Amino acid sequence: FDVATGVPVKKKTKANYTDIFSTVMVKLAARHPDVVAITAAMPDGTGLKRFRKAYPERFFDVGIAEEHAVTFAAGLAVGGLHPVVAIYSSFLQRAYDQIIHDVSLMHLNVLFGVDRAGLVPGDGETHQGIYDPAFFSQIGIPVFAPANYAELKYWLPHLVKDMTGPRAIRYARGNEKEALAALGCTGNLFDKIDTRPGAKVALVSYGAESEEIIAAIDLLLQKKVAADAYKLTRIFPLPEGLCEALADYDMILFAEDAIRTGGIGQQLGFALQQAGWQGKYLLHAVDNSHLLHASVAELRKDQNLDAAALAADVLACIK
């Protein structure tokens, strides 16, 4: 703000994931009159202020009451509407009981827009979006994790138009990264995003963390280790054909910026074991929920989720 006048100084910023979510939601509402939006005192933070302006009668801000937001969405779904509940990942934890009992067990048509998913810069341990992959998957709710704007623009309409029942789409805070933007969107549930001749090592990830496995592959190549990279878009249930695609690798490393216990990495490791795979499995995930007040790059380094740590683990295992 301007010190002399106290007037806020508006800075020009690039579009971010929240902006893309907001834009797509308004377009979807224009085509689907049953779509309504719900948030818990976060119309600005979730981008739904645009929706509120365009469709005030279809927008509901229930205040700081995430539990009520989810139960309210369940009621609207029973009434035939199509609610989209947009809440930060860290705040959605408050409504876990309602997600289970009021939405999941009744298999109601509610879509969760999970903002600030994964590691969150500058917010300390209270605002990290590291638990939702585990708690959604534990109760059988499908989860999609777009890694760039193109995938968010593709999958959000698909989840609204073509799917029913509880489901979630999670996206990071901030802007898409150049390496991930370059991937575009194939519409597949998982993609092989990099391949090297003769590779017997595979690196697998999803969402924003996929940036690090792309960088790690280049680091490994400098050490004359060839590795392929895979990125999941639907992280739960694990995409059909994924275990088969990974079956011929001697070593697989999975990296996710979410909690290790009960996370997607553990689920993939178990699925591979059940499929008879007997290679070496390396898992990098968040081990300590008491995270630093730091940038995403610093958080990744602290949790061994940066490209250097991923590559070092593969090299150590090979040796």
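See the structure above.
Residues numbered from 1 in each chain as written. Predicted model: local features only at pLDDT ≥ 70, side-chain atom pairs only at ≥ 80, totals over all residues. Heavy atoms only, no water.

Q: I'd like a description of the overall build of the chain, backed by residues and values.
A: In terms of regular secondary structure, the chain is built from 13 helices and 12 strands. For the chain, the C-alpha radius of gyration of 20 Å lies close to 20 Å, the compact-globule estimate for 319 residues. Along the three orthogonal principal directions, the C-alpha set of the chain runs to about 60 × 55 × 35 Å. By residue count, 53% of the 319 residues in the chain fall in the buried class. Taking the contacts inside the chain whose residues are at least 6 apart along the sequence as the reference set, 77% of them involve residues at least 24 apart. When the accessible surface of the chain is totalled, it reaches about 13,900 Å², and 53% of it is carbon and sulfur. (Helix = DSSP H or I, 4+ residues; strand = E, 2+ residues; numbered from the N terminus. Rg over C-alpha atoms; globule rule 2.2 N^0.38 Å. Buried < 20%, exposed > 50% of the residue type's maximum accessible area, 1.4 Å probe, protein only. Contact = heavy atoms within 4.5 Å. Areas by Shrake-Rupley, 256 points an atom, 1.4 Å probe, with all protein chains shown as cover.)

Q: A description of a nonpolar patch on the surface should follow, citing residues and the corresponding values.
A: Together, Val78, Leu105 and Met106 line one region of the surface with nonpolar side chains, adding up to about 330 Å² of accessible area. With respect to the helices and strands, Leu105 occurs in the loop between helix H5 (96-104) and strand S4 (111-115). (Patch = residues over 30% accessible without salt bridge, like charges linked within 9 Å, V, L, I, M, F, W, Y side chains within 5 Å. Salt bridge = Lys/Arg side-chain N within 4 Å of Asp/Glu carboxyl O.)

Q: Lay out the environment of Ala15 with the relevant residues and their values.
A: Inspection of the secondary structure puts Ala15 in the segment before helix H1 (17-31). Between the C-alpha atom of Ala15 and that of Arg260, which follows or precedes it by 245 residues, the distance is 31 Å. The contact partners of Ala15, leaving out residues within four places of it in the chain, are Tyr149 and Asn175.

Q: With reference to specific residues and values, describe the sheet that holds strand S11 (residues 251-259).
A: If you walk across this open sheet you meet the five strands as S7-S9-S8-S11-S12, and the pairing is mixed. Two strands close off the open sheet at either side, each with one partner strand: strand S7 (190-194) and strand S12 (280-286). Averaged over all pairs of adjacent strands, the angle between their axes in this sheet comes to 20°, without regard to strand direction. Relative to strand S9 (residues 227-232), strand S8 (residues 201-206) runs parallel, the two being bridged by six bridges. Looking at the pairing, Ser205 lines up with Lys231 of S9. (Pairing = 2+ DSSP bridges. Axes fitted to C-alpha atoms, helices over the stretch in contact; angles between N-to-C directions.)

Q: Give me the lowdown on empty space enclosed by the protein, citing residues and values where you can.
A: Summed over the entire model, instances satisfying the criterion amount to one cavity of 30 Å³ or more. In this structure, the largest cavity occupies an estimated 70 Å³ of space. Residue composition of the lining of the largest cavity, by class: eight nonpolar, two polar and two charged. (1 Å grid on protein atoms, 1.4 Å probe; cavity = no way out; pocket = protein on both sides within 12 Å on 5 of 7 lines; lining within 4 Å. Points joined across faces, edges and corners; volume = space filled by probe spheres on them. Nonpolar A, V, L, I, M, F, W, Y, C, P; charged D, E, K, R; others polar.)

Q: So what's going on with the environment of Asp248? Residues and values would help.
A: Relative to the elements of secondary structure, Asp248 occurs in the loop between helix H10 (242-246) and S11. Distance from Asp248 to Gln278, taken between C-alpha atoms, is 9.9 Å for residues 30 residues apart in sequence.

Q: Report on the pairing of S11, specifying residues and quantitative values.
A: Here S11 lies mainly inside the structure; nine of its nine residues are buried. Where S8 and S11 come together, four bridges link them in parallel fashion. From the neighbouring strand, Ala202 faces S11, where its bridge partner is Ile252. Bridge analysis of S11 against S12 gives six bridges, and the strand direction is parallel. From the neighbouring strand, Ile252 faces S12, where its bridge partner is Tyr281.

Q: An account of the layout of surface pockets is needed here, citing residue identities and associated values.
A: Put simply, the largest pocket is a space of about 290 Å³. Lining the largest pocket are 20 residues, and of these Arg173, Lys177, Ala208, Val296 and Arg300 sit closest to its centre. Mapped onto the lining of the largest pocket, the elements with two or more residues apiece are helix H9 (210-222) and helix H12 (296-302). If you tally residues by element for the lining of the largest pocket, the top one is H12, at three residues. Split by residue class, the lining of the largest pocket holds 10 nonpolar, three polar and seven charged. Within this model, the second largest pocket holds a volume of roughly 240 Å³.

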